[in-house]
Every structure is written in C-alpha cells, then in structure tokens.
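This is what each chain is made of:
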Amino acid sequence: MRELRILQVAPYYDEAWAYGGIPRVAVCLARGLGHRGHRVTVCTTDARDRTSRASRAAADTAHGVDVRVFRNVSNTLAYRLQLFAPL
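Small disclaimer: the values here were computed from a predicted structure and weren't measured. (Residues numbered from 1 in each chain as written. Predicted model: local features only at pLDDT ≥ 70, side-chain atom pairs only at ≥ 80, totals over all residues. Heavy atoms only, no water.)

**Q** Could you give an account of the sheet that holds strand 2 (residues 39-45), with specific residues and numbers?
**A** If you walk across this open sheet you meet the three strands as 1-2-3, and the pairing is parallel. Two strands in the sheet have a free side with no partner beyond their single neighbour: strand 1 (5-9) and strand 3 (65-70). Geometrically, the sheet is characterised by an average inter-axis angle of 15 degrees between neighbouring strands, direction not taken into account. As judged from the six bridges shared by strand 2 and strand 3, these two strands associate in the parallel manner. When the sheet's bridge partners are listed, Cys43 is paired in strand 3 with Arg68. (Pairing = 2+ DSSP bridges. Helix = DSSP H or I, 4+ residues; strand = E, 2+ residues; numbered from the N terminus. Axes fitted to C-alpha atoms, helices over the stretch in contact; angles between N-to-C directions.)

Here it is, written out as structure tokens:
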C-alpha cells in the first residue's frame, strides 16, 4: 500500500484528559496510522481543561504524527459548552 497523507482535525488532543476518552482515541488513531507508514497531520486546539492550555510544542514526530496546535479563544467556553473557536 502506498503512503497516504492524512489530515485529522480534532477539537482537543493528547493532553486534554479532562474531556474523557476522545483525546485518547484521537491519539491512538493518529499514531496507528503513522506506524503503518502514513504521513499524519493533526490540527487541534490548545484546550486542555477548564483553566489550562496544552503545550504548543505537542509535536508527536516520534510516532510519525505532525501536530499543529492552534490557540483556542476561551477554554472555559470549550469546557462548559463544547464551543471551540481556534484562532
């Protein structure tokens, strides 16, 4: 199978454990595709929980995943209302 270029867009990613299992699924899916030899790019916000933001340097290149983190307007709105507004 030839290498595919895959874009995964997720409202939160690796460090956002306050949002439950969805970040874990997003990470496992991206890494699994990377291990299969595909070029995976993940675009996500920096939402981590109600009060803090994920690190901007969330590169997951060891697993073949390029993570692009965009600043979210308000983590409180994201946490309470699931309203994500990346800049």
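**Q** An account of the environment of His35 is needed here, citing residue identities and associated values.
**A** Its place among the elements puts His35 in helix 1 (residues 22-35). For the pair His35 and His63, spaced 28 residues apart in sequence, the C-alpha separation works out to 6.5 Å.

**Q** So what about the pattern of salt bridges? Which residues, and what values?
**A** Going through the model one piece at a time under the given rule, you end up with three salt bridges. Here Asp46 and Arg71 are joined by a salt bridge, their closest N and O atoms 4.0 Å apart. Here Arg71 lies in the loop between strand 3 and helix 2 (75-81) and Asp46 lies in the loop between strand 2 and strand 3, a separation of 25 residues in the sequence. On the basis of relative accessibility, which here comes to 2%, the residue Asp46 falls in the buried class. (Salt bridge = Lys/Arg side-chain N within 4 Å of Asp/Glu carboxyl O. Buried < 20%, exposed > 50% of the residue type's maximum accessible area, 1.4 Å probe, protein only.)

**Q** Could you give an account of the pairing of strand 2, with specific residues and numbers?
**A** Burial within strand 2 is extensive, with five of its seven residues counted as buried. With five bridges connecting them, strand 1 and strand 2 associate as parallel partners. Among the inter-strand pairings, Leu7 is bridged to a residue of strand 2, identified as Thr41.

**Q** Kindly report on the side chain of His38, identifying the contributing residues and their values.
**A** Relative to the assigned elements, His38 resides in the loop between helix 1 and strand 2. Using a relative accessible area of 8% as the deciding quantity, one classes His38 as buried. A polar contact of 3.1 Å, which involves the side chain of His38, links it to the backbone nitrogen of Leu4. Excluding anything up to four places from it in sequence, His38 contacts Met1, Arg2, Glu3, Leu4, Ile6, Leu33 and Gly64. (Polar contact = N/O pair within 3.5 Å; in protein donor to acceptor, adjacent residues only side chain to side chain. Contact = heavy atoms within 4.5 Å.)

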